Amino acid sequence: MAKFDPEIVLEFYANAWPTEEGVRDMRLWVRGQWIPFGTDALSQFLGHPLILEEDHRCEFSQRRDQASGFDKEAIAKLLCIPGQDFARTAAGRRVWIMRTSMTTLTQIWMTLLLSNILPSDHNFDLPLPKCQMVYTILTRMTVHVARIIVDAIYLFAGTTPTRHPLDPERSNRALGFLALITGLCQFCGVLVIPSKVILPPITRVFIKKHCTPRQAKGDT
């Protein structure tokens, strides 16, 4: 079962705090070693999952930045069980898909996404931008995973954490990319001691327990 080194992860994030506003330094110091975590460095560590020509972007990024890049009707049809759709605001704007409205395959990919690419403790629904990513994956469009992870790490590191409502000494959010950061630091020569278990793997038992659409009351 996958494990991570909590002390290494904490030191990584502590040293990732931007030292100067507007300057994006994509390397940091951990236990006497420089750890580069820019797109090229992370892509190399991940085994170059996507190779793009210079100045080219993945299909996900291209569509995301276009006003009409994603068809919400098509997303709902692919990600939802029959008869379900996005939750909407009072004005009718689609905002997220509830987990109870998702197909098993969507729930599996949501679990993978929220555990490894865009970490989040909130897994009861999937906001529209993350629905777009799952749709991209299921329709086999290209996604530059390394770049998305790098942006997420940088954003996370540069955001002042909120305090826990019941314990002011604690942060109200969980750290992300625990195994990835542990592995990246080890790859760069840092001695790591993985001691804490992460989430259980996505197995058939996990899928049956957590990713199977629940039958509505009254259905037979």
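Residues numbered from 1 in each chain as written. Predicted model: local features only at pLDDT ≥ 70, side-chain atom pairs only at ≥ 80, totals over all residues. Heavy atoms only, no water.

## Focus: the environment of Leu128
Piece 1. Relative to the helices and strands, Leu128 is located in helix α6 (residues 128–138).
Piece 2. Measuring from C-alpha to C-alpha, the distance between Leu128 and Lys72 comes to 8.7 Å, with 56 residues separating the pair along the chain.
Piece 3. In this structure, Leu128 is in contact with Lys72, Phe86, Arg94, Val95 and Trp96, ignoring residues within four places of it in sequence. (Helix = DSSP H or I, 4+ residues; strand = E, 2+ residues; numbered from the N terminus. Contact = heavy atoms within 4.5 Å.)

## Brief notes about unusual backbone geometry
Piece 1. One non-glycine residue with positive phi stands out, namely His48, at about 50°.
Piece 2. For His48, the position within the fold is in the loop between α2 (39–45) and α3 (59–64).
Piece 3. The backbone of Phe177 sits at a positive phi, close to 60°, despite the residue not being glycine.
Piece 4. Structurally, Phe177 is set in the loop between α7 (145–157) and α8 (178–187).

## Remarks on the pairing of strand β5 (residues 94–98)
Piece 1. The sheet contact formed by strand β4 (residues 87–88) and β5 spans two bridges and is antiparallel. Across the sheet, residue Arg88 finds its bridge partner in β5, namely Arg94.
Piece 2. What sits between β4 and β5 in their antiparallel hairpin is a turn of five residues, with Gly92 showing a positive phi close to 90°.
Piece 3. Here β5 runs beside strand β6 (residues 125–127); their pairing, made up of three bridges, is antiparallel. Residue pairing for β6: Trp96 is matched across the bridge by Pro127. (Pairing = 2+ DSSP bridges.)

## Points about the side chain of Arg99
Piece 1. Of note, Arg99 is situated in the loop between β5 and α5 (104–117).
Piece 2. In this structure Arg99 is buried but unpaired, with Asp125 as the nearest side chain of opposite charge at 9.7 Å.
Piece 3. A distance of 3.1 Å separates a polar atom in the side chain of Arg99 from the backbone oxygen of His210.
Piece 4. In contact with Arg99, not counting residues within four places along its chain, are Gln107, Met110, Thr111, Asn123, Phe124, Asp125, His210 and Cys211. (Buried < 20%, exposed > 50% of the residue type's maximum accessible area, 1.4 Å probe, protein only. Lys, Arg positive; Asp, Glu negative; His and termini not counted. Salt bridge = Lys/Arg side-chain N within 4 Å of Asp/Glu carboxyl O. Polar contact = N/O pair within 3.5 Å; in protein donor to acceptor, adjacent residues only side chain to side chain.)

## What to know about the environment of Glu7
Piece 1. Relative to the helices and strands, Glu7 resides in helix α1 (residues 6–15).
Piece 2. Judged by its relative accessible area of 54%, Glu7 falls in the exposed class.

## Section: the confidence of the model for the chain
Piece 1. Mean pLDDT over the chain: 86, with 86% of residues reaching 70 or higher.
Piece 2. At the level of individual helices and strands, the chain shows its lowest average pLDDT in helix α9 (residues 204–210), which scores 86, and its highest in helix α4 (residues 72–79), which scores 96.
Piece 3. A low-confidence stretch, residues 216–220 stays under pLDDT 50, and its non-local contacts, those more than four residues away or across chains, total one contact. (pLDDT = per-residue confidence, 0-100.)

## Topic: the pattern of salt bridges
Piece 1. Following the criterion strictly, the structure yields seven salt bridges and no others.
Piece 2. A salt bridge links Arg31 to Glu11, with the shortest nitrogen-to-oxygen separation between them at 2.6 Å. Taken together, the positions of Arg31 in the loop between β2 (27–30) and β3 (33–36) and Glu11 in helix α1 put the pair 20 residues apart, joining distant regions of the chain.
Piece 3. Note on Arg31: relative accessible area 45%, which makes it partly exposed.
Piece 4. Ionic pairing is found between Arg57 and Asp65, a salt bridge with its closest N-O pair at 2.4 Å.
Piece 5. Arg57 sits in the partly exposed class, given a relative accessible area of 37%.
Piece 6. Judged by its relative accessible area of 48%, Asp65 is partly exposed.
Piece 7. A single salt-bridge network, built from bridges that share partners, covers Glu73, Asp85, Arg88 and Arg94.

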